[in-house]
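Breakdown of the fold
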Amino acid sequence: MKNHAEIVIIGGGALGCSIAYHLSKLGKKDVVLLEKNALTHGCTWHAAGLIGQLRSKRNLTQMLQYSTELYDRLEAETGQATGWNKVGSLRIASSKERWQEIKRTATTARSFGFELHLISAKEAQDKFPLMTTKGVEGAAWIPSDGCVDPSMLTRALAKGARKGGVVFYEGVRVKELLRRDRCISTVVTDQGTIEADIVVNAAGLWAREVGRLAGVDIPAGVVEHQYMVTEKHDAISADFPTFRDPDNLFYLKAEPGALALGGWEPDTVACGKPGMPWSFGQQLYQPNFDRFEQIALPAMGRLPILEELGIRTLINGPIPVSPDGEPIMGRPNGLDNFFVACGFTAGIAGCGGAGRALAHWIVDGDPGMDLWSFDVRRFGPHHNSNQFLRARTIEAYGSYYLMHYPGDEAHSARGIRKSPLYQILKEKGAVYGSKFGWERPNWFALDGAKATDQPAFESPNWFDAVGREHQAIRERVALIDQSSFAKFDLSGPGALAFVQKLAANNVDRPTGSIIYTQLCNARGGIEADVTITRLAEQQFYLVTGSGFGVHDSGWIESHLPRDDSVVFQEVTAAKAVINLCGPRSRKVLEAVCENAVDNKTFAFMQARKLTIGAAEVLALRASYVGELGYELHIPVDQALHVYEQLWQAGQAFDIANAGYRAIDSLRLEKGFLYWSADITPDYNPYEAGLGFCVDLNKGDFIGRDALVKIKESGVEKKLCCFTLEHRTPVFGGEAILHNGEVVGVSSSGGFGHTVGKSIVFAYLPIALVKEQKFEVEAFCEPVKAHLSPGVLYDSRRKRLLS
């Protein structure tokens, strides 16, 4: 075996072979792939092989589109058969709610330029004659979908990689991964060691265990998945399209004369205690016919031919699932040369595009598109605990075909991280959601209303309650528990120079200043959107979103100086945060505070230490809702005391509690942006209207050269705000039309309770930013939209600055 390789890939499934193939296409010749058994062993060999492309986001769909493009040509390129059969796919709506969901998907597809056709039940039956039309509202037809033989596909990818110089070793198990500083230096196997510059974990069912060898957490769970293969029948054609009936929990593909049918039952079983045995290879579990009844019986109602067919075999094998059901990719925090690609429940569909993306990530330092939805840094340590991972992966698996409404919340593995205000807010009607393990109040059920979510596309049960909370913040005063903010301290003799290198804005301002800034990459793309407060000459306090702490801290840590000049530590759990906001908030604060808080003494974007009751509080006068307000950062043991002080004093001013759903409505009206939706590494500050946060005169910083060029040449697109002519449910992903042509896709959407209109944000080509005659297509219905020339609410910032 070779004793050195530039890149070592661990895992010889479809994804590992795809990564190897694409690295060879990028000119990487010194690549080794290690497989502990034989190629395809684990889960690839028994996968069903359906290829579906459409997802809710443009980048993810484009990644899967590339898979089909690759499969179109791979056999001719390599001379190895793949079993690729582009027969198209049908997705059936067996309920009115599902038909709404499919229409929303069709609108998203239209915004991507993706070919999808909405057809009637009879048209679906013409394409798949075995189905009944009873209860069918319609169907989506995607002509470019299909199915593939997973083992044949893997062998074709491996053959292509070998032609490009990749060396494969089968029957070689990785035993240790040795670290040197922030790198994996040596891969120790049962047949020798390999020095490596880069290591890729594509170990499939064993990805979590390989992660542990590297000293990193990878929450890739494994559960049982079943599908059956029927006996043969003359009525079954291999050219039938793949078929999905999510209301009845099943999918199928046609094989020569037979059907392969599986699904997603709610009570699957987690595999491995606590992990998969290393000896597991080309093996299966005992079939569970009782559990499979939940899929087979509804399928018989849709496909009467199943009553005539016997079951030739019921396959029960392990498949990977992440806590949120999405794949896991990227570079975990703490290591500079260790990449991950695992957790692919639909790995055969995704392996082509994912392999290419990860190869570019390794070679170019960037996957070529924003893949935050797949990024390993969306998870934290609690996601990797056995208790959490088992519960949440079973729920994610069982939810695969359930209706997914905006605002849906997970139900398992809850209550892990709680604010000191959890109980008192629950008693006041808080309806909690979960974010990065935190229980956060989404809205408040008052006056005897049922304190549970009833999600819907058009009128969820929280709509009116959110409107009341929105109004309280706009007109009076409210308290919001935002303790889940991710919070960090930076200090040391090199702190200022380091933060100046990271931030696009100038942070060298007087002590007590709050600086809103983006952290950009070398291309000028926005890697993080944060506030940085200068607490002392060489001490800074950084705050970011609840779910972005691992991502943002990883970006910061990867640029830390290697000496001890900067100390960077997370303080999230040490500080609770209460947001006191609204035009009467200063009056409430004055009633409980020993310090002067008038506008002259305590101005906007300033920080002060205040004494509230008996507690010392770091108060940040900043706002994400567009009103006078104060973020109060409080030692956890004193947070309840501060809340009680504010609540009691606020009774004279008709104070209310508010939740995160009100925040979203308020920030849309004010034009405030959300990282991962409105701003991502794909967009730069000038396109997003954040040029005021870029200081090109302060000296060098990451991304400055790119931003100088962008400013000089001008942007090609710009983030714009639209209001719709009548109330329409919008959530992001809607097509933007100009004179009937698709010109963009919305990044965010919602209802503004003050302006009384539905609002969407979307990037437009620069040539259109002064035009009108726009429409927003939602659920396949175009609605007239007005392009706003500026911020919808308080455009002169009088309320913020008052």
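As a convention, each chain's residues are numbered from 1 in the sequence order in which they are written. Per-residue local features are limited, in this predicted model, to residues with pLDDT of at least 70; the limit for side-chain atom pairs, both in listing and counting, is 80 or more; totals at the level of whole chains, interfaces and linings are taken over all residues. Excluding hydrogens and water, the side-chain figures rest on all heavy atoms present in the structure.

Here we come to the sheet that holds strand 31 (residues 656–657). DSSP calls a pair of strands paired once it identifies at least 2 bridges connecting them. Each helix is a run of DSSP H or I of at least 4 residues and each strand a run of E of at least 2, with the numbering of both proceeding from the N terminus. An order of 28-29-30-27-21-31 is seen for the 6 strands of this open sheet, with the pairing classed as mixed. The open sheet is flanked by strand 28 (607–612) and strand 31, the only strands paired with a single partner. Pairing of strand 21 (residues 478–481) with strand 27 (residues 575–581) involves 4 bridges; the strand directions are antiparallel. Looking at the pairing, Asp-481 lines up with Ile-578 of strand 27.

In this section: the sheet that holds strand 13 (residues 242–245). With mixed pairing, the 8 strands of this open sheet are ordered in space as 5-6-4-13-14-15-12-16. Strands at the two margins of the open sheet, each flanked by one partner only, are strand 5 (117–119) and strand 16 (311–321). Geometrically, the sheet is characterised by an average inter-axis angle of 20° between neighbouring strands, direction not taken into account. Note that strand 4 (residues 89–93) and strand 6 (residues 138–142) share 5 bridges and pair antiparallel. Within the sheet, the bridge partner assigned to Ser-89 lies in strand 6 and is Ile-142. Helix axes use the C-alpha atoms of the stretch in contact, all axes being lines fitted to C-alpha atoms, and the angles between their N-to-C directions lie in the range 0 to 180 degrees.

Quick look at the packing of aromatic side chains now. For Phe, Tyr and Trp, where Trp contributes only its six-membered ring, two rings pair if their centres lie within 6.5 Å, and the inter-plane angle classes them as stacked under 30 degrees, edge-to-face over 60, or tilted in between. One pass over the structure, following the stated rule, counts 25 aromatic pairs. Ring geometry for Phe-488 against Phe-568: centres 5.2 Å apart, planes inclined by 15°, an arrangement best described as stacked. With a gap of 80 residues between them, Phe-488 in strand 22 (residues 486–491) and Phe-568 in strand 26 (residues 567–570) connect regions that are remote in the sequence. Per residue, the accessibility class of Phe-488 equals that of Phe-568, and both read buried. Among the aromatic side chains, those forming a connected cluster through ring pairs are Tyr-251, Trp-264, Tyr-397, Tyr-400 and Tyr-401. Two conditions define a charge sitting above a ring: the NZ of Lys or the CZ of Arg must be within 6 Å of the ring centre, and it must be within 35 degrees of the ring normal. The ring of Phe-168 is capped by Arg-162, whose NZ or CZ atom sits 4.3 Å from the centre of that ring. Whether a residue is buried, partly exposed or exposed follows from its accessible area with a 1.4 Å probe, protein chains only, as a fraction of its type maximum: under 20%, in between, or over 50%, in that order.

A few words on helix 15 (residues 639–650). Here the expected span of a helix is defined as 1.5 Å times the quantity of residues minus one. A rise of 1.5 Å per residue sets the reference length of helix 15, with its 12 residues, at 16 Å; its end C-alpha atoms lie 16 Å apart and thus fit the reference within 8%. Within helix 15, the full set of buried residues consists of Ala-639, Val-642, Tyr-643, Leu-646, Trp-647, Ala-649 and Gly-650.

Such coordinate-based values are descriptive only and should not be taken to indicate function.
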